Each structure stands twice: as C-alpha cells, then as structure tokens.
Amino acid sequence: MEKVLTRYIQPDGVPLDARAYEQAGGYQSVPKALKMAPKEVTEIVKQSNLRGRGGAGFPTGMKWTFVPTGPNAPHPKYLCANADEMEPGTFKDRLLLESAPHQLIEGMIVAAYAIEADVAYIFVRGEYVLAIERLQKAVAEAYNAGYLGQNILGSGFSLQMYVHASGGRYMCGEETGLLNALEGKRANPRTKPPFPQVSGLFGKPTIVQNVETLSNLPHILNHGPEWFKGLSKSEDAGTKLYGVSGKVKRPGLWELPMGTTIRELLEEHAGGMQEGLAFRGVLPGGASTDFLTAQHLDVKMDFGGVQKAGSRLGTGTMIVLDDRTCPVGMVRNLEHFFAQESCGWCTPCWSGLSWAEQILTSIEEGRGRPEDLEELEFICKFCAPGNTFCALAPGAVEPLQSALKYFREDFERHILAQHCPWRTH
Amino acid sequence: MTKIFVDGKAYEVKADQSLLQACLSLGLNLPYFCWHPALGSVGACRQCAVKQFRDEKDTRGRLVMSCMTPAADGTRISIEDAEAAAFRKGIIEGLMLNHPHDCPVCDEGGECHLQDMTVMTGHDYRRTRFPKRTFHNQYLGPLINHEMNRCIQCYRCVRYYREYAGGHDFDAFSSRSQVYFGRYQDGVLENEFAGNLVEICPTGVFTDKTLKRHYTRKWDLQFGPSVCVHCGLGCNISAGERYGTLRRIVNRYNGEVNGYFLCDRGRFGYEFVNSAERLKQPLQRQDGKLQPISKARALEALAGLLADPKKVIGIGSPRASLEANYALRALVGADRFYTGLSASAARLTAVALEMLRRGPARTPSLGEIERADAVLILGEDVTNVAPRMALALRQSVRQQPMRKADQLKIPRWLDHPVRELAQDQKGPLYIATPAATRLDDVATETYRAAPDKIARLGYAVAHALDAGAPDVAGLSEAERSLAARIAEALKSAERPLVVSGPSLNSEAILQAAANVARALSAAGRAPSLSLTAPECNTLGVTMIGGGSLADAFQAVKSGSADTVIILENDLYRRASARAVDEFFSSARHIVLLDSVTTPTVQKAELVLPAATFAESDGTLVSSEGRAQRFFEVYPPVGEIQSSWRWLRDIMMAAGRREAAAWQDLDAVVASVSDGIPALAAVAQAAPSASFRLAGAKIPREPHRYSGRTAMLANINVSEPKPPEDSDSSLAFSMEGVFAQPPASLIPFFWSPGWNSIQSVNKFQEEIAGPLRGGDPGVRLLEPSAAEPRAYFTPASEPTSGSAGEWLLVPLYHIFGSEELSRLAPGIAELSPQPYVALNPEDANALGVQEETSVTLSLESVSRTLPVKLMPGLARGLAGLPAGILPIEGSGLPAWSRISRA
Amino acid sequence: MLSPEERHEIEEELERYPTKRAVSIDALRIVQRRRGWVSDEALRDVAELLEVSVDEMDSVATFYNLIFRKPVGRHVIMVCDSVSCWIMGYDRIREHLTKRLGIQLGETTPDGRFTLLPIVCLGTCDHAPAMMVDQHLHRDLSPEKIDGILAEYP
Ligand SMILES: Cc1cc2nc3c(=O)[nH]c(=O)nc-3n(C[C@H](O)[C@H](O)[C@H](O)COP(=O)(O)O)c2cc1C
Ligand code: SF4
Ligand code: FES
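**A short note on the overall build of chain A**
- The number of helices and strands found in chain A is 17 helices and eight strands.
- Computed over the C-alpha atoms, the radius of gyration of chain A is 22 Å, within 12% of the 22 Å expected from 2.2 N^0.38 for a compact globule of 425 residues.
- Expressed as lengths along the three principal axes of its C-alpha atoms, the size of chain A is roughly 75 × 45 × 35 Å.
- When each of the 425 residues of chain A is scored for burial, the buried share is 70%.

**Description of the interface of chain A and chain C**
- In this complex, chain A contributes 53 residues to the contact, which on the side of chain C involves 38 residues.
- Between chain A and chain C, the buried area comes to about 3,600 Å², and carbon and sulfur atoms account for 61% of it.
- The interface formed by chain A and chain C includes zero salt bridges.
- Run the count over chain A and chain C and you get 18 residue pairs in polar contact (both at pLDDT 80 or more).
- When contributions to the side of chain A that touches chain C are tallied by element, the ones reaching two or more residues are strand E3 (160-165), helix H8 (175-182), strand E5 (239-246), strand E6 (252-257), strand E8 (317-322) and helix H13 (327-341) of chain A.
- The dominant element in the side of chain A that touches chain C, judged by the number of residues it contributes, is H13(A), at eight residues.
- Split by residue class, the side of chain A that touches chain C holds 24 nonpolar, 18 polar and 11 charged.

**Structural notes on the sheet that holds strand E2 (residues 119-124) of chain A**
All names here are of chain A.
- Across the sheet, four strands lie side by side as E3-E2-E1-E4; this open sheet has parallel pairing. Each edge of the open sheet carries a strand with a single partner, namely E3 and strand E4 (206-210). Strand-to-strand twist of the sheet, defined as the mean angle between neighbouring strand axes without regard to direction, takes the value 20°.
- Each of strand E1 (78-83), E2, E3 and E4 is contacted by helix H6 (residues 101-115), which is oriented at about 145° to E1, the strand it contacts most.

**Concerning the interface of chain A and chain B**
- At the interface, 39 residues of chain A touch 38 residues of chain B.
- Each partner contributes to the roughly 3,200 Å² buried at the junction of chain A and chain B, and carbon and sulfur atoms together form 57% of this total.
- The largest contributions to the chain A side of the interface with chain B come from A:Arg186, A:Trp345 and A:Trp350, which together make up 22% of the buried area.
- Where B:Glu420 meets A:Arg190, a salt bridge forms, and the shortest distance between an N and an O atom there is 3.6 Å.
- Across the chain A-chain B interface, the total number found is 14 residue pairs in polar contact (both at pLDDT 80 or more).
- Listed by contribution, the elements that provide at least two residues to the side of chain A that touches chain B are H13, helix H14 (347-364) and helix H15 (371-382) of chain A.
- For the side of chain A that touches chain B, the leading source of residues is H14(A), giving nine residues.
- Considered class by class, the residues forming the side of chain A that touches chain B number 15 nonpolar, 16 polar and eight charged.

**Some words on the domain arrangement of chain A**
Residues and elements named next belong to chain A.
- The assigned domain composition of chain A is domain 1 (18-230), domain 2 (239-322) and domain 3 (327-417).
- Using only C-alpha atoms to locate each centre, domain 1 and domain 2 end up separated by 27 Å.
- Counting from both sides, the interface comprises 16 residues of domain 1 and, opposite them, 19 residues of domain 2.
- Summed over both partners, the interface of domain 1 with domain 2 buries about 1,400 Å², with 61% contributed by carbon and sulfur atoms.
- The salt bridge partner of Glu 212 is Lys 240, with a shortest N-O separation of 2.8 Å.
- At the junction of domain 1 with domain 2, the criterion picks out 10 residue pairs in polar contact (both at pLDDT 80 or more).
- For the side of domain 1 that touches domain 2, the residue count by class is five nonpolar, six polar and five charged.

**Quick look at the side chain of A:Arg134**
All names here are of chain A.
- As for its position among the elements, Arg 134 is in helix H7 (residues 129-144).
- The buried charged residue Arg 134 lacks any salt bridge partner; its closest oppositely charged side chain belongs to Glu 98, at an N-O distance of 4.8 Å.
- Discounting chain neighbours no more than four positions away, the residues touching Arg 134 are Gly 13, Val 14, Pro 15, Glu 98 and Pro 101.

**Some words on unusual backbone geometry**
- Note the cis peptide between A:His75 and A:Pro76, where omega equals -10°.
- Locating A:Pro76 in the fold gives a position in the loop between helix H4 (60-65) and E1.
- Residue B:Pro893 is reached from B:Leu892 by a cis peptide bond, and omega for that bond is 0°.
- Phi is positive for A:Glu85, which is not a glycine, with a value near 25°.
- Assessed through its relative accessible area of 7%, A:Glu85 is described here as buried.

**What to know about the site of ligand 1**
Residues and elements named next belong to chain A.
- Taken together, 18 residues form the shell around ligand 1, and within it Gly 54, Asn 82, Glu 85, Asn 210 and Thr 213 come nearest.
- Contact distances for ligand 1 include 2.9 Å between an oxygen atom and a side-chain N or O atom of Asn 82.
- Within the backbone of Glu 85, a nitrogen or oxygen atom sits 2.9 Å from an oxygen atom of ligand 1.
- Burial of ligand 1 by the protein amounts to 90% of the accessible area it has alone, namely 600 Å².
- In terms of residue count, the dominant contributor to the shell around ligand 1 is E4 (three residues).
- Residue composition of the shell around ligand 1, grouped by class: five nonpolar, seven polar and six charged.

**Section: the packing of H13(A) against helix H16 (residues 392-406) of chain A**
Residue and element names in this part refer to chain A.
- Where H13 contacts H16, the two axes come as close as 10 Å, and the packing angle between them is 165°. By the angle between their axes, H13 is roughly antiparallel relative to H16. In this structure, the crossing between H13 and H16 has a hand that is left-handed. For the pair H13 and H16, the contacting residues are Val 331, Leu 334, Glu 335, Phe 338 and Glu 341 in the first and Leu 392, Ala 396, Pro 399, Leu 400 and Ala 403 in the second.
- Its residues placed into classes, the contact of H13 with H16 shows eight nonpolar, no polar and two charged.

**Regarding H16(A)**
Residue and element names in this part refer to chain A.
- Its 15 residues give H16 an end-to-end C-alpha distance of 22 Å, which sits within 8% of 21 Å, the value for a rise of 1.5 Å per residue.
- Of all the bends in H16, the greatest reaches close to 30° and is centred on Glu 398; the proline Pro 399 follows between one and four positions later.
- Where burial is concerned, most of H16 is hidden: 12 out of the 15 residues are buried.
- Residues of H16 that are buried: Leu 392, Ala 393, Pro 394, Gly 395, Ala 396, Val 397, Glu 398, Pro 399, Leu 400, Ser 402, Ala 403 and Leu 404.

**Re the environment of A:Tyr162**
- Counting through the fold element by element, A:Tyr162 comes out in strand E3.
- Remark: the alpha-carbon pair of A:Tyr162 and A:Ser99, spanning 63 residues in sequence, is separated by 18 Å.
- Apart from the residues within four sequence positions on either side, A:Tyr162 is in contact with A:Val119, A:Ala120, A:Tyr121, A:Ile122, A:Tyr143, C:Glu15 and C:Arg16.

The rules behind these values
- Residues numbered from 1 in each chain as written.
- Chains lettered and ligands numbered in written order.
- Predicted model: local features only at pLDDT ≥ 70, side-chain atom pairs only at ≥ 80, totals over all residues.
- Heavy atoms only, no water.
- Helix = DSSP H or I, 4+ residues; strand = E, 2+ residues; numbered from the N terminus.
- Rg over C-alpha atoms; globule rule 2.2 N^0.38 Å.
- Buried < 20%, exposed > 50% of the residue type's maximum accessible area, 1.4 Å probe, protein only.
- Contact = heavy atoms within 4.5 Å.
- Buried area = accessible area lost by both parts, 1.4 Å probe.
- Salt bridge = Lys/Arg side-chain N within 4 Å of Asp/Glu carboxyl O.
- Polar contact = N/O pair within 3.5 Å; in protein donor to acceptor, adjacent residues only side chain to side chain.
- Nonpolar A, V, L, I, M, F, W, Y, C, P; charged D, E, K, R; others polar.
- Pairing = 2+ DSSP bridges.
- Axes fitted to C-alpha atoms, helices over the stretch in contact; angles between N-to-C directions.
- Domains from an automatic or database assignment.
- Lys, Arg positive; Asp, Glu negative; His and termini not counted.
- Near = heavy atom within 4 Å.
- Areas by Shrake-Rupley, 256 points an atom, 1.4 Å probe, with all protein chains shown as cover.
- Parallel < 35°, antiparallel > 145°, perpendicular 65-115°, else oblique.
- Left-handed = near helix turned anticlockwise from the far one by under 90°.
- Expected span 1.5 Å × (residues − 1).
- Bend = angle between axes of the 7 residues up to and from the residue.

Given below as structure tokens:
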C-alpha cells in the first residue's frame, strides 16, 4: 500500500530536518498552494472528501468555507492544530508529531493559506515532551527556510506559527475548550453557534483541525483529490492511522487504507489475541466509543461503517477487551477518567459521570445492588447528545451504555456474587 | 412579535429573546438555575430543557435548552413532554448529589430557588448512596456568609461577580464535581456589589451575614416597600422586620431604577435602625444633661418655645422626607425654612436643578444609564458616591462592543459568545477625577487633575463638539487631544451620557458638564446628563426651596431668630465646628428631631425621637428627579414617630389648628403637592391609603407568617389587634388576597411555587421589563422645550494656591462617607480610618511615607493625620476622606500647608 | 520574585499572544519547570506580571492537571492509569511502585526524592503499561523494569 502520512517517517522515528524533508519531497505543496487562490485550495480539499481525523469526522474543506474571507474579513484569523491527544487508547498523533513535524507544519501552511489565517498555534498536550521539542525545532527550521514568517516565498502571504504546550486536561482537545485554554482561561467549552470559524480564538475566525487531518493536506495538494479518494477502500477518502492496544500479540499503529476491517486490523496487523485469551469486545475508536463485539469483526473502520454497527470511528485507535479482563472494571476505569476530566460546567456531566463512577466502583468492589444497573442506564440517557453542553459526556457514556448492553450478565454476576468474578481475592 | 407554540397552544411573544425568557414572560413555570435575566444565558445547568419539534408533524422532537434557543417565529415546544420533565427532574437529582440537604438549618430555607425548583420538577428521592464531597468555607468579610457545601455549580456567582460587577478577587477553582467558588484566600470580598451574591446564588452558599445575627425566615418577616436612604439614587428596597427590629434588606425590583441589584451600603447599612445610637424618647436638657421626658411634657415645652413664632426658624434636611420637610416649613413659614444644605451644596444643587429643568439634556434613569453607549464622567467617583450607578455604567461599556454581535446575528442574551467576540473591548467611557476610581478598569481613558482642571477639560470637550461653545485657553496639547477624542466618542454615539455632580464642590464642573450636554445637543445628539445627589432627598428638599444653612446661621446671628427647629440633620456634617458652635451658642433654643444620636444632639435643648425610614412613610426625590414613596415596615415603638407627625403635634400644641388636617400621610402629601408646584406630581408616586386590592388591604406579612397569636405572649396572652395603618393601603397583617399590588406597593416578592426573590418574574410585564402597571415612582424633571440656556463661560485661569500649598480634595468612601450606614457594625468595620492621601511622588518630595504623621493647617485649625500613599491621585493634591473627618473651614477643596508632624 | 530568566522566558511568550492573560498557562509552566511547583508566592508574581488577579490565576492553575500547586519531590513519577494500561497491568505497576517507594498515589517520599502521581493515558497504549518520570517516558513496564528505572533518578 502507498504510504502517505508515514511516508517521511524514518525507522528510528527521528524526524527529517527541514532540508532532508525538502529533499524527500516535502514542502512542495506550499509553493503550489501559494500560486492558487485560497478558495481554490479549499475547493481541492473539499473535493478530496477529507474528513476530520480528530473524532467527529466533519468534512474538512466544508468547515473552511464557513470562515469569512476576502478584504472585509476580520483579522487576525487563526489556525489551531489540535495535538492534545488525551483520549485514552489513542496514540496516533504522537507518531506524526514526533516523527514527521514538518509534514504537519506544511499541512498547516496550506490550511492557513486557504482560510487566510495570520497566526497558527500547535496545541500539544504537555506530556508530549519529545514532540514539543521536535516541533519547536521544526518550526524554527521552517522559519529559517522561509516557509513561515513574513511574505512566504514572496507570495505576500504571511504566517506566524507557535507551539503551545497544554496545562493538561482532556477538555483542551474539545475545539472550543482548546480556544479557551489558548486564551489562558479554564478550558470550558464555548457556546455554538457562533462557531469558531466565525468567532473563535480571541473573538476572531478560527479553524481547529486535528494533526492527522492536517498532515494529509500536503499530499492532497501534491497528488490531487482523486488520488486521495483512491487511497481508500471505502467511501471515506484517504488512508488512516489505525491502532490496536490491549492483550493482542502485537499492539501497534499502522497506516492503512480507510475502511480496513476490524478483523484485518486485529488478526493480521495486531497478530490476534494473546495466547490463551479470547476476544470479547473492542472500543473501535478510543475510550469514548461504543463497544463492538465478535459479531462486528467484519465492520469496515470508516465513518459510516462503524456508525452503522452502533459505534463511532472516533480516532481509529481501538482498545481490545479479552476474556480475562473484567468488563465492569474496564468501564469503571473509563468512567473514572471521564468523571475526572469533566470540566464541571454542565450538570449531567459533572454529576452524572461522578455518580456513574461511584456506582461502578461499588459494583466492582462487591457492593453492587440490583437497582444500580437502572441508575447506570439513567445516567447514560441523562448524558445523551444534546443533553450536555459539549460532546465529552455523551462520549463518556458510550462505552458504558454498550457495556450494559453486551456485558450485562457480567454486571449482574458482580452484583449477585457481591464480588468481581475476575478478582482472585 | 413572533408566534410560538407551547404544548400545543399558540402565544404571541416578543422577538429577540430566548424560549426560557419567553415562557417565563408568559407566566409559564419552567425551572432554571444558571440563567438570570441580568446575566443572560450560558446553558450550564441544563435545568431549562424542553422538547422542541421541527413542525406539526414532528412527534418525536428533541431536547433543547430553552435558555439557549431563540424564540423564533413558529417555534414549537413542549414543557410538559414526559421526557423533558423526566430530564429536568434528573437535573435536580444531579445537582443534589452532593448537596447537604440541610434546609432546616440553612438561612436560605423558605426562600430558596433550589427548593422551589426541586418542588417544581417533582424530584423527591435521592437515589445515590455515596458519600458527599465536603468543602472548607471561607471568611468573606462582615457582610457575607459562605457555605460551599450547598453549591450546585451553576456558575451564577462567578459570572455575576466577575463579569457583571467587575470583581477580580473571586473565582471558580478546580474542576469536575469539585468546582469551588470563592476567593484565592480568606478575606473580605472587595467588590462593592458583593451583597447581590446573596440573591444571585440560587441556594444557601452566599447568605446575608447581618441577617444571620438576628435570623428570621422570610415567611416570618414583615415587609415594607421602601427606598434606600444611603445615597441619592433611590434604589428600591424591601425591608424586613420581626419583633421590632429590622432584620434585613433585599432588592425590590424597579425596572427603571435598580433593576435586580443593590450596592452593599444599601443592603447592609440598615443596621443603623437597630443601633444603640437610636433616640427612643423625647429628651430635655436639665442641668446641662439630656433627660427623658414624656411626650406631653415635650410638646408643652415646645408650645412655650413657639410662643413668638417670629423668632423661630426651621432647618430641614436632605435626608428627611418631603413630607417632614414640608411640615417643618409649614410650621415655621416658608421664609423661615432653610433646607439644611450647606451653602455650597445648596448652590450646587440649585444649579443642577436648573440645568435639568432647562435642558436640553435629560436626566436618565439608571436603566437608561445602563444603555448609554458613550459616557463622560466629570469629577465624580461614582462607585463611592452613587454606587448603584457604577454598576449601571459597567454595563454601559458593553453597548458598543455588543454591536459586533448584532452584526453576526448573535443574540445579546447569549452571554458568553457576546463576551468572547468582544474580548476586552469596552467603552467608550472617559473618567476625569482627582483620584483613581473603581471604574478605571473599564475606562477608555482617565484624566487625573484638580477640580478646576477637570472643569476646563469639560469646557474643551464642549468646544470640540460645538465651535459655538466657549473655549478655554492654556490647555496642554495632551489635554486638547484628549478633549477631541472624548468629543468624537460622544458625538458618534447613539445615546451619549455625561455624568457629573457636586462631589468636588465645583460649580465650574457642573457648568462644564452642562456645556458638554448642550454642545452635544447642538451637534444633533440627544444627550443625557446625570448629576449625582449626595443624599436621599437632596433634590427633594431643594425643590421645596429655602435658604441654606449659612442663611440660617445669618438669621440667628442678625437676631431675626433665636429658636431653631432642626429636622433630622447633624449640622456638624455641613459646616465647620466653629461655625456650628457659634450658631448654637447664639441661638437661645435648639430643638432637634432625629432618629440617631449625633453631635448636634449634644447641643439641643429638646430632642424628639424621629422614626427612621423603616418606621415611617414618605416621599424622596432621587437624583434622577424621580419621586418615590417609602412605607413603614413596622410601627414605631414607644414615643418614636415620623417627623411629620411630631411637627403636626407641635403645631397642634401651639394652637395651629390647620395641622389638624394632617391625620394621615395622604393629607400631608396633598399639602406638599398643592403647596409646591414643582412637586405637584408627588401624589402620583404611589396609590393613596384608600386603595384596596380586591377589597382588602395589602398584607405586609407573608400568609405563612407564624406565631402572631403567640409572639407577644410574654407580654400579654391575649392576641393583640394588629396595629392599624392609616397612612397606606398596606396592613400590618398576613390577611389579604393573593394578587399583585401596584408596583410601588409590593412589600415582598412571592408567588405560589416561587418563594425566592426570583418570584419577581411573576410581577413583571415581561422578564427584565417593567413591573406590571409600570415601575414605581414619578419623574418630576423633564427638560423644557424652551430655548436652552446659553453656554456657561469658563473662568480664564484655574485657581491656584500660594507656594507650598496643597489643594485638599474630598475622597469618598462607599463605606464610611455616608452618615447613617456608618452606624451599621458591618459597614463600620469596612470604613477607613482618617488619613491624608498623597501621590507617592509628592510624598517622596515631602519626605514622608505611608503612615507618617503630617499636620495640615487650614484657616485657623490644624490637624494631624497619617499619610496614605495613593498612586492614582493627581500631583499637587491631598485627599481627605469625606464624611469621616469633621469638616474644616468652609469645606473642601481648600488650600493647605502640609508638614511633618 | 521571579528570576530574570523566568521573567525573560515569560516575556518571550508574551510576544506570541495578543493578550497577557493568554500566557497564564505558559507562565505557570515556565515557573514550575524551574521550581518543581507553583507556590502561592510564584502564583502572585506571575499574576502581577500578567496583570490578572491572583484569584484569576489560581482559578486557571487549579483547573489544569500539570500545574502543581503543592510541593513535589525531586522527581515526579506519573503513572498512567487509563484504560489500555489498566488492561495491561496498571494495578500491578501501581502496587509495586507504592510498595517500593513506601507512599501512596499523591504522596512524596519522606526523603523528598519521588512524588507519585496518576496520569491519564500517555498516548503510548501499544507499549502499555507506561509511566513518565520527569520528562522521560518509560514503556512496556514490569515490576522488574521499574526498579532499574527508579535507580536512574537519584
Ligand atoms: C472531550 C473532547 C476531547 C477531544 N479531544 C481531541 C483531541 O485531543 N484531538 C483532536 O484532534 N480532537 C479532539 N476532539 C475533537 C475536537 O473537538 C474537534 O472536533 C477536532 O479537533 C476537529 O478536528 P478535525 O475536524 O480535524 O477532526 C475532542 C472532542 C471532545 C468532545
Ligand atoms: S459535557 Fe459539560 S461538564 Fe462535561 S466537559 Fe462538556 S461542558 Fe464540561
Ligand atoms: S437555565 Fe438553561 S441551562 Fe441553565
């Protein structure tokens, strides 16, 4: 298969410097884009069918069209690369940040040009120390090489780019929480509408885009939308970084055509379950997606396919549940995370998730009661999309609601036995 | 108007509001927490969820937050929908996971929005069985109590305190289910409007600490619709009493005046009513000491004093009602009545009044001030002089930035998007004062200078607006361009406002403000001019008319009078001790009517205990020119009675039969309105005592008022008859119908299911709009249509002292500068000690530091005070706290030498 | 007092944002990098430099995970407790660490050498379990491996 996103990645993971990156074919999309009108760039991206890789899958080119452009548009406009990657079980952007920083910068220049942005921030989670170092170095190199700063390549287009290290909170990954974090505020989400494209960072038009999404842009510009669509095995264009973690033989991350099936990922790439363990289920796209089970193994990992199966492609990095791991314990672990990461803004989320965590802990510790399951179901409905302010809580209850559906007996066994069947003591 | 459908019924509602606001305006019950009419919508609590349907055919619908959804034409929603109702019930369950359920010991109990909403949603059983989180509470000062465990994380407090009131020492800490609302460290809340947290908080986290010391449940309080007496703005208050003591003040909504908020002086200053300084009995000086005497003896003595009416003068008061002042005037005769204002205050108020009558500028209500879109403040430290106006001005600076939101079609009630779009953009607001003010943080530019220079800047602004306005010479380049910028900002605004007043005792400043207003009008704008008034009835007593205190002094000095009746006035606050002492020693008889002990009491021969606002009725004219009636909260005890009643009794004792007509308030009001043409409209300030609501009087007590038959059982086991109130249509009782009284007669806000103050929703024509039937009060001042007066001409030179002299200017303090509120312990605790303020660089030049004792020499007195360094003070000025130190010489500003003590 | 270097670094950040407030988080991180944590005094100094109140600064500081408002040891161990690491044996790792260090999560060893904290998913789930010690990521952990790692941090 043709490598796209991982094309420039060296076996040792050390990124190419600007010069080497150029020699390997990098930065070609910049002069190409600068020769076009910004609208044309957007048009190409629209035609490519690129959809956001940050979890929601919104069509990228279309998102850009909401940004006011032209002489009357407010300035400065902003572009933010969302490199927060705090979704448990997700480890795809780290690879691109650490090993192909110039590819991200190149993609950002293209995106910034298309929306006529003046300033770009790379919002990286604070724990990604190596990524931050390498990004800072790469940005400095890009300035030196004339790809950033004033009047880029004599085009009249100017772009400043800065790396921002996060203070750490899952909510910083939510696009409007990210904007508040960049403004030095608590990362509570913002009201939409107005969308950030109209009033975003510092009240100005802003686009927030995932690292993987942005990293695709140079290639789309270089090879065209049709080529990009052709990379995929499904209706969603391009390739995708897919990951597998959990008790499989070879956990890992692979760039594969969009639409690769769960089975192929699990069995061929991850080498199947570890010896003696059986597959029970999988969170296909990170912690905030619904469980799928053995009946879904042939589901294609693209936006539509996973959705039809009752879950979401999310980040495309899956977490595998085996038969020696307690599903209640796993869900408890997840809800602990979400309850802790709730920003505390809206009631269903801050109250519902902490309540869910308490119930799950008590079930797991042998203090469950039959009515607990009803209460958990109540919380799932309570935190449903639309009921909460942002998508954190609805995402948070996805694994819970599906676990209650697929692993209900396991919950009941805990309550009946007043202890966790997976615990030996 | 747009049409919306709620549960299948069509309603016409005002466009441009949220569904929540529309539903509440329709009188529908829809629970909410994070939304507040003054704060707008943020969608945090999710309590206001309703089902929205796409069209008639849509039967499934989806949940939306009514506070976040516009009431667009054709919107179809259901409040009753089972799923929506279940969700709302769930929200309460969520909110209450950590709530201590301590209603029986909570000060909010019985008037708690959380209780109301809990009942409204039907949540009644807490399913969770897990431990609740516990927080430490903070010390927030003498006025506000903190009990964080009751918090439901609705964010109202922090939004109000930081975003609305502009405070910086309060915030939300931590995250998830552990968000903590408080200060970084224990300490007094700095914001002057912190007390509103008590009403903003929908549960018992922030409660009134002064109430706590004499706690009574809302349902056990007897209320009176009243008007704040602690500054000239006339905020409407609802005062509550039990067992003969005043227990607390809460906001009484008036859409055009105070809206939803009060300042802390107004909310907590009431404790003077209960203070040990209260005068409770008639006193007569015997052997040099004041001794209690009976009312009869007092009147008898007075009749004797009044034997020769030609020798009697009356000194009225800007803190006494129109009725009391008028009664005194009737007693002594119009030509022997003095307003009780100092010479300079009298002159300035007269000038101000003339300006507002002549126009072209119109005196705006506080509501209009809030909507002003460009403001120039000349000489007033608004926060400390007319506090509630500062809160209004703080909102006014958002007017222009909000237009950006209009362009993007972001509704103004969508609070956060509007703020995010505007970012830190504020204004225009220009402030010219001698020292820094608490509004500087939202000012476009500030100008720090001596009063004369402030006036000159004003003249220059007027000239920049209209070349026909006289110019001033000798301005610096910087001052000139500042004046040009101010003129430009005012001129390009739709609703420009000039704020000024008498605080610096400068006629020039007032004239400059008038010139700016006049020039704006010449430039085709409709300007507003708001002039502060120092006391609650300064304007009223001035409208009654009469000489100043200096004239009264002269009358006694010249021998044309020897007997003085003083009404609710401490003359030592209005003239130098020397002048007042001289006055008192040359007068033969001094009679004083007052409610509290003051230095003047010590000079009186006869003292009559007057009722405070809480025990009397009357009318006050605010700085807006709005006459508003306040009503007794409870009958005065013992010998205390309203000043006008004392004056009537005196007249009767002196054989003046015409006073016999004054049997009740209406009769006095009628006399005022007949006697003073300018006050003809005051009778309309509130309905007369004959008004009946569905045939009955309006109860001052909630219908659950408890213990009426038992509360006085220690005195008498038989239930006493409730006192009669002949002065108003309010009853000292809980009996009466539940119906909405006229706006000026609402003792307290309550409605079935709405026990908290948020029940005001049920009393408004539309949410955040006027009370039904129109907001209380009647405006007495409208600019005349006649040709406006000519421009004032500035003095050619600013005044200057001789070498080595400092110009002493008064610096005002919300806590401390006002006479009555200082007697409230909580306010007293926050009042500053005497000081002399210097700019640090001036102090440096003088070789003094913070706390160094320095001596001021003024006229013939000298005074030693500690230095307070004040970086915002203009160079060459020295500031003295107003109302805290006795007045020196002929008052401030004054030139003085300063030397190390 | 902020050191000249801290001040300089913060001022550099100021050039990257249109408002001073926006630098809050960067500034707190700058201070913390040098001092290990953000003391009340440091918080006040940063607030003053950025012209926001200390209350506003603390509101931000207490929201974020990686800003420490309490003193920490010379080395901070952040052990991932999220789902993939949990599946791959987080409980064992945590037990081993708490036993070896003699402290619970959230505590600092009496000698001030280590502070042990939980952290959310470190984004290295294919090499779970994982932890960070100071700036370094350690992956595919086992109790035996941990002993060796700890020895690297005197
Ligand atoms: C709680 C939460 C956390 C999120 N975290 C991330 C993240 O770490 N990285 C990311 O790219 N998107 C994240 N998202 C999605 C973003 O909100 C946003 O949709 C995305 O950055 C848009 O980029 P894309 O269109 O390129 O996918 C998160 C969303 C939510 C609700
Ligand atoms: S769902 Fe609500 S509380 Fe949760 S993170 Fe989003 S806004 Fe915050
Ligand atoms: S009132 Fe609507 S969400 Fe709080």
